[in-house]
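# Coordinates in review
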Amino acid sequence: MNENLRKYFTTGEFAKLCHVKKQTLFHYDEIGLLSPEIKTEKGYRYYSYHQFDVFNVIELLKEVDMPLKDIKLFLRTKTPAELIELLKGKSLEIERKIQTLNQIQKIIDTKIALTEYALTIDFSQIQLIEQEQEQLFLSDSILDCSDKEFLKSVSTFVEYLYTKKLDVGHPIGAIVSKEKILQEDYDNYSYLYTKIADQAEDVSLYTKQKGLYVVAYHKGSAKNIPKTYKKIMDFIDAQPIILGNFAYEEYVLDEVSVSGEENYVTQIMVEVESCNSEL
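Note that the structure is a prediction, hence the values are computed from the model and not measured.

Quick notes on the rules
- Residues numbered from 1 in each chain as written.
- Predicted model: local features only at pLDDT ≥ 70, side-chain atom pairs only at ≥ 80, totals over all residues.
- Heavy atoms only, no water.
- Helix = DSSP H or I, 4+ residues; strand = E, 2+ residues; numbered from the N terminus.
- Rg over C-alpha atoms; globule rule 2.2 N^0.38 Å.
- Buried < 20%, exposed > 50% of the residue type's maximum accessible area, 1.4 Å probe, protein only.
- Contact = heavy atoms within 4.5 Å.
- Pairing = 2+ DSSP bridges.
- Arc of directions from axis to C-beta.
- Core = buried A, V, L, I, M, F, W, Y, C linked by side-chain atoms within 4.5 Å.
- Salt bridge = Lys/Arg side-chain N within 4 Å of Asp/Glu carboxyl O.

Looking now at the overall build of the chain. Looking only at helices and strands, the chain has 8 helices and 11 strands in total. Whereas a compact globule of 279 residues would reach a radius of gyration of roughly 19 Å, the chain reaches 31 Å, over 25% beyond that. Overall size of the chain, expressed as C-alpha extent along the three principal axes, is 100 × 35 × 30 Å. The buried share of the chain, reckoned over its 279 residues, is 35%. Within the chain, residue pairs in contact and separated by at least 24 positions form 72% of the contacts whose partners lie at least 6 positions apart.

So, in structure tokens, the structure goes:
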């Protein structure tokens, strides 16, 4: 090799250094994006180690979805100020992507935990269980609303969760008042609710009180949920229990985790105001 070329990489060597195929370097040269620093009369191509940094910048900009033609234009007309402006903008894009990926990770982890927990439950049991206090994010009141108003409330609720990035994978549940339970008007919900990110700021939350709850599980279509409420009321009537203000309904298994509506499972947690029986 010519003594003057000893500090240069051949196309194959440079491709190996950059962890790409030689065809990638040929393509970059063909479109005028990154050409070898030296081309001999015999057609040999040589890259300097300085070009490794240029290659890295090209790949970095590709990773943040900058088209090759825009990268080429930037590299031809760049100034230090333009480089700073470009990279600052891309840094903000990356930060937003990181935040989105972190939220996706939380949703995945929550779905795993909830589904694993569901597999440990005996859905045939109705039990009196002590539950911890929870902070819930509520929709606007939907009590006695029309079907059209209900759909609008659901849309508004979900859109707010999306725009504020509050969703961390918990199901959307429904709150039924004591009065509606006693009237057997089970699908006349007072509110929708979900559990949101702990670090959420400037969001008003509702406190689901710590205490005793009658917990049961409804399997199948929500249309048949009155049958499960009847079993719950029979359970309550057989014990010295005074109902609290609300019942809370939420899926523990839905179409994400099971196939067929007949396999859906809804957890129903009925608040207890007082009870003289022992757990």
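A few words now on unusual backbone geometry. The residue Asp144 is not glycine, and still its phi comes out positive at about 60 degrees. Examined against the element boundaries, Asp144 turns out to sit in the loop between β5 (134-138) and α6 (147-163). Within the chain, Lys165 stands out as a residue other than glycine whose phi angle is a positive 55 degrees. When you line up the elements, Lys165 lands in the loop between α6 and β6 (173-177).

Burial analysis of β6 places 5 of its 5 residues in the buried class, which makes it a mostly covered element. In β6, alternate side chains face the same way, and those of Gly173, Ile175 and Ser177 on one face and Ala174 and Val176 on the other are all buried. One ladder, built from 4 bridges, connects β6 with strand β10 (residues 241-253); its direction is antiparallel. The partner of Val176 across the bridge, within β10, is Ala247.

As a further point, take helix α4 (residues 68-77). Among the residues of α4, those classed as buried are Ile71, Phe74 and Leu75. Along the axis of α4, the buried residues cluster in a sector spanning 95 degrees; they form a single face. Of the exposed residues in α4, the ones pointing more than 90 degrees away from its buried face are Lys69, Leu73 and Arg76.

Within soluble globular proteins, side chains that are nonpolar tend to cluster in buried spots. Formed by 29 residues in total, the largest nonpolar core has its most connected members in Ile181, Val214, Tyr229, Ile232, Ile236, Ile241 and Val270. Where this core is concerned, the elements lending two or more residues are α6, β6, β9 (211-219), α8 (225-237), β10 and β11 (265-275). When sequence neighbours within four positions are dropped, the list of residues in contact with Ile232 reads Ile126, Val214, Ala216, Ile268 and Val270.

Take the pattern of salt bridges next. Evaluated as defined, the whole model comprises 11 salt bridges. Here Asp29 makes a salt bridge to Lys39, at a shortest N to O gap of 3.0 Å. On the criterion of sequence distance, the pair formed by Asp29 in helix α2 (residues 22-30) and Lys39 in strand β2 (residues 38-39) is long-range, its members being 10 residues apart. Residue classification places Lys39 among the partly exposed residues on the basis of a relative accessible area of 49%. The shortest N-O distance in the salt bridge between Glu250 and Lys195 comes to 4.0 Å. Of the two residues, Glu250 is situated in strand β10 and Lys195 in the loop between β7 (191-194) and β8 (206-208); the sequence distance between them amounts to 55 residues. Neither residue differs from the other here; Glu250 and Lys195 are each classed as buried. A single network of salt bridges, built from pairs that share partners, joins Glu134, Lys195, Lys208 and Glu250.

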